[in-house]
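Architecture at a glance
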Amino acid sequence: MRAIWKGSIAFGLVNVPVKVYTATEDHDIRFHQVHAADGGRIKYDRVCTVCGKSVQYADIDKAYESPEGDKVVLTDEDFAKLPVAEKHEIPVLQFVPSEQIDPILFDRSYYLEPDSNTPKAYVLLATTLEQVDRTALVHFTLRQKTRLAALRVRDGVLVLQTLLWPDEVRAVDFESLDGVAEPRPQEIKMAETLVESMSDEFDPDLYTDEYQIELKRVLDEAIASGSGTIARHEEAAPAAMDAEVVDLVAALQRSLEASGRRAAGEDGAKSATGAKKAEPKKTAPKKDGKATAAKSTATTSTAAKSTAAKATKSTKATAKSAAKSTAKKATGRSSARKGA
């Protein structure tokens, strides 16, 4: 990693020299825009709307236009005159209970590395924050922009997380929630049971970005084929959506049953393979499909036999009845001849 900032944390009269590193990275696959006809890259040209000429980036300034249409152009010298915190100092403002910081305020994360031959002050601050279970609120200036930030500890390392200003979080008031009836006690109880059945310790290693994995596979196949294009496949018809669930309790009940089946499968897999912390949980393969198919086949066979038996009985009964009728007619004719 490469440090993007150097300075110190001002902790009272104590200075803690640090280097700042970006803590996260984006693994999204990037695409270029190309001309569909020949695959040529699309480039953008900065063109002035007044003179029509291309403008180099070094010759571009920043302008602000007010709602009334007034335009103000600012240069780098103008921005340098603005009041900002010390560029190479992270002043601690106060320490607050960690649970009082709403997660919606968190923006970007940075690792702080001690930048001193004797990192005793760094370790002291990190240990203190862990023991008091509080988060330090600080000012952090990066690229001429001062942010409010939270300073906390993760695995013994100081982490700086920039925060949004309160007015950057939108207020929300949905009319669709006005006048909605409170959930019934039965619904709440079943929902709590469902939550409990799906509860577990958080392990981020269990979750993967399936979209990026599949996208990478598709790209690798296209590269391996040498065509540079992706083979087209017939898209499967989308599964039919269930009708809107009117009975919430019934939906919760079905969810509980499904959760119970998943839990039973996972327990079976754990007992068969042993619990492995480093490996993602895998649901044991179910044989319900085969069993159901066999059961269905047996049921169909039984039904067919039953139908055949009924048909045979009906045929025999019809033949017997016809035989009796013929015999009666023959007896009648014989009696008539004798009388004559």
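Given the structure is predicted, the values throughout are model-derived calculations rather than measurements.

**Notes on the sheet that holds strand E7 (residues 134–142)**
Sheet architecture is closed into a barrel: 7 strands sit in the order E1-E2-E6-E9-E8-E7-E5, paired in mixed fashion. Ignoring strand direction, the axes of neighbouring strands in this sheet form an average angle of 40 degrees. With 5 bridges joining them, strand E6 (residues 106–114) and strand E9 (residues 157–163) adopt antiparallel strand pairing. Within E9, the residue paired with Leu112 across the bridge is Leu158.

**A look at a nonpolar patch on the surface**
Nonpolar side chains collect at one region of the surface, where Val172, Phe174, Leu177 and Val180 lie side by side and expose about 430 Å² of accessible area between them. Tracing the chain through its elements places Val180 in the loop between E9 and helix H3 (185–197).

**As for unusual backbone geometry**
The residue Asp133 is not glycine, and still its phi comes out positive at about 55 degrees. Tracing the sequence through the fold places Asp133 in the loop between helix H2 (120–132) and E7. The phi angle at Asp155 is positive, at roughly 55 degrees, despite the residue not being glycine. Residue position: Asp155 is located in the loop between strand E8 (145–154) and E9.

**Quick notes on the side chain of Ser109**
The topology assignment puts Ser109 in strand E6. When its relative accessible area of 18% is taken as the criterion, Ser109 is described as buried. Within the local environment of Ser109, its side chain forms a polar contact with the side chain of Gln161, the two groups lying 3.3 Å apart.

**A short note on the pairing of strand E1 (residues 5–11)**
Where burial is concerned, most of E1 is hidden: 5 out of the 7 residues are buried. In this structure, E1 lies alongside strand E2 (residues 14–22), joined through 7 bridges in antiparallel fashion. Bridged to Ile9 within E2 is Val16. As consecutive antiparallel partners, E1 and E2 are separated by 2 residues, and within that stretch Gly12 has a phi angle of approximately 65 degrees, a positive value. The pairing of E1 with strand E5 (residues 89–97) spans 3 bridges and is parallel. Looking across to E5, one finds that Ser8 is bridged to Glu89.

**Concerning H2**
Over its 13 residues, H2 runs 18 Å from end to end, which matches the ideal 18 Å to within 8%, given 1.5 Å per residue. If you check which residues of H2 are buried, you get Tyr122, Leu125, Ala126 and Leu129. Buried positions in H2, seen along its axis, are confined to an arc of 95 degrees and lie on one side of it. Exposed and facing more than 90 degrees away from the buried side of H2 are Lys120 and Gln131. The first or second residue beyond H2 is Asp133, which carries a positive phi of 55 degrees.

What counts, and where the lines are drawn
Residues numbered from 1 in each chain as written. Predicted model: local features only at pLDDT ≥ 70, side-chain atom pairs only at ≥ 80, totals over all residues. Heavy atoms only, no water. Pairing = 2+ DSSP bridges. Helix = DSSP H or I, 4+ residues; strand = E, 2+ residues; numbered from the N terminus. Axes fitted to C-alpha atoms, helices over the stretch in contact; angles between N-to-C directions. Patch = residues over 30% accessible without salt bridge, like charges linked within 9 Å, V, L, I, M, F, W, Y side chains within 5 Å. Areas by Shrake-Rupley, 256 points an atom, 1.4 Å probe, with all protein chains shown as cover. Salt bridge = Lys/Arg side-chain N within 4 Å of Asp/Glu carboxyl O. Buried < 20%, exposed > 50% of the residue type's maximum accessible area, 1.4 Å probe, protein only. Polar contact = N/O pair within 3.5 Å; in protein donor to acceptor, adjacent residues only side chain to side chain. Expected span 1.5 Å × (residues − 1). Arc of directions from axis to C-beta.

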